[in-house]
Amino acid sequence: MIHEQGLPFSRGSRLTKETISPKLFRHLARFIQDNYGIKMPDSKKVMLEARLRRRMRQIGYDSIGDYLDYVFSPDGRRNELVHMIDHVTTNKTGFFREPVHFPFLCDQIIPRITGSRNFSGSSILKVWSAACSTGEEPYTLAMVINEFAEQKGALRFSILASDLSTRVLKIASQGVYTEEQIQDIPLRLREKYLLRSKDRGLRLVQMGEMLRGAVTFRRINLMDDDFGIQEKMHIIFCRNVLIYFEKQKQQRLVHKFADQLEPQGFLFIGHSESLAGLEVPFVSMAQTVYQKK
Ligand SMILES: C[S@@+](CC[C@H](N)C(=O)[O-])C[C@H]1O[C@@H](n2cnc3c(N)ncnc32)[C@H](O)[C@@H]1O
């Protein structure tokens, strides 16, 4: 639910063609932070303007003021706000990013879950890639968990992958990547799980049917009170997104993750992130891997 509090933009407000005034930047930054959690310190002003201009060019605006007037008009709130936010987010990701997490997942975490009394032969291992960007993280998870399942005996699993940005979710659900983007996937897994485009000149690959069938994509704003997810998760990957949120919002989000996890469920965060200093119901298992108390 978007609460657009205290917006200073109304039809007729005008900004210079090239930049946002410091006052309007502060209002826009506050709006983005309140509704989506993303910190916008003054040092991000130039970056934000550049990203807004990229979107403006796509739809034919040449004044940032006119564009923001449109975004916050009734029509813009319905049809354009989502695209503006798409451009505000930072979506860097990759297959097998921060790779030490994956053997740890298979050697330490999944066996604990499947070996627990609450997990039976008919249980489904439920994993959530929260803030999945263009899909490389959930498809990596699908490959490594499927490899685990084949080696260690039948294991049913499902992966929910979500992000705030509709633009990245569209790419993720298509599951098409360039040859360069898949370089970090081990060759054996590429041959097993990926489909090459018939036109070799395109140098594109698509995630195969097994991977696309294992992952469900959905738009979720991690700042929302209710994620709208019915089932409890065994594992949440929320990597390289907490870093964009201020401490109070990090703490609230990690509490909500605890509510969304099964008892003793697991949370993976990014290597440059930490729960140290937050009052949250998790114990550390390894650097950047936590278990719900
Ligand atoms: C840097 S990417 C990380 C992708 C992946 N987890 C990884 O580590 O490679 C951060 C993602 O967080 C998403 N994001 C930012 N704010 C969000 C929010 N409030 N709710 C959901 N996703 C958000 C962005 O759209 C972006 O795709």
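Conventions and cut-offs
- Residues numbered from 1 in each chain as written.
- Predicted model: local features only at pLDDT ≥ 70, side-chain atom pairs only at ≥ 80, totals over all residues.
- Heavy atoms only, no water.
- Buried < 20%, exposed > 50% of the residue type's maximum accessible area, 1.4 Å probe, protein only.
- Helix = DSSP H or I, 4+ residues; strand = E, 2+ residues; numbered from the N terminus.
- Right-handed = clockwise from strand over helix to strand, strands pointing away.
- Phe/Tyr/Trp six-rings, centres within 6.5 Å; stacked < 30°, edge-to-face > 60°.
- Arc of directions from axis to C-beta.
- Contact = heavy atoms within 4.5 Å.
- Near = heavy atom within 4 Å.
- Polar contact = N/O pair within 3.5 Å; in protein donor to acceptor, adjacent residues only side chain to side chain.
- Core = buried A, V, L, I, M, F, W, Y, C linked by side-chain atoms within 4.5 Å.
- Domains from an automatic or database assignment.
- Pairing = 2+ DSSP bridges.
- Axes fitted to C-alpha atoms, helices over the stretch in contact; angles between N-to-C directions.

Caption draft 1: How the structure looks around the pairing of strand β7 (residues 233-238). Of all the six residues making up β7, six are buried; the element is thus mostly covered by neighbouring parts of the structure. Taken together, β7, helix α11 (residues 247-260) and strand β8 (residues 261-269) constitute a β-α-β crossover, and its handedness is right-handed.

Caption draft 2: Layout of the packing of aromatic side chains. Applying the stated criterion across every chain yields a total of 13 aromatic pairs. Between phenylalanine 237 and phenylalanine 268, the ring centres sit 4.3 Å apart and the planes meet at 10°, which makes this aromatic pair stacked. Linking phenylalanine 237 in strand β7 with phenylalanine 268 in strand β8, this pair joins segments that are 31 residues apart in sequence. Relative accessible area serves as the criterion here: at 0%, phenylalanine 268 is assigned to the buried category. Clustering of aromatic rings is evident, with ring pairs tying together Phe95, Tyr139, Tyr177 and Phe217.

Caption draft 3: Fine view of helix α8 (residues 166-174). For α8, the complete set of buried residues consists of Val168, Leu169 and Ala172. Angular distribution of buried residues about the axis of α8 spans 100°; they occupy a single face of the element. Turning to α8, the residues buried within the fold contact α7 (136-152), β2 (156-163), β3 (176-178) and β6 (215-219). Phi turns positive one or two residues past the end of α8, at glycine 175, with a value near 65°.

Caption draft 4: Broad picture of the site of the ligand. The ligand sits among 22 residues. The nearest are Tyr36, Thr93, Ala131, Asp163 and Asn240. The contact in question runs from an oxygen atom of the ligand to an N or O atom on the side chain of threonine 93, over 2.6 Å. Between the ligand and asparagine 240 there is a distance of 2.8 Å, counted from an oxygen atom to a side-chain nitrogen or oxygen.

Caption draft 5: Geometry of the nonpolar core. Leu52, Met84, Trp128, Leu222, Phe257, Leu267 and Leu275 are the most contacted members of the largest nonpolar core, which has 50 residues in total. Among the elements of the structure, α1 (22-36), α2 (45-59), α3 (64-71), α5 (81-88), β1 (124-130), β7, α11 and β8 are those that each provide at least two residues to this core. It is α1 that provides the largest number of residues to this core, a total of seven residues. Counting the residues that make up this core, at least three belong to each of domain 1 (22-88) and domain 2 (101-292). Once residues within four sequence positions are removed from consideration, leucine 275 is found in contact with Leu242, Val254, Leu267, Ile269, Val280, Phe282 and Tyr290. Counting 43 residues, the second largest nonpolar core, distinct from the first, contains Ile145, Ala149, Met207 and Phe266.

Caption draft 6: Structural view of the sheet that holds strand β5 (residues 204-207). Strand order in the open sheet made by the three strands is β3-β5-β4, with antiparallel pairing throughout. Whereas interior strands pair on both sides, the edge strands pair on one side only; in this sheet they are β3 and β4 (194-196). Geometrically, the sheet is characterised by an average inter-axis angle of 35° between neighbouring strands, direction not taken into account. Bridge count between β3 and β5: three bridges; the pairing is antiparallel. Paired with valine 176 across the strands is glutamine 206, a residue of β5.

On their own, these measurements won't tell you what the molecule is for.
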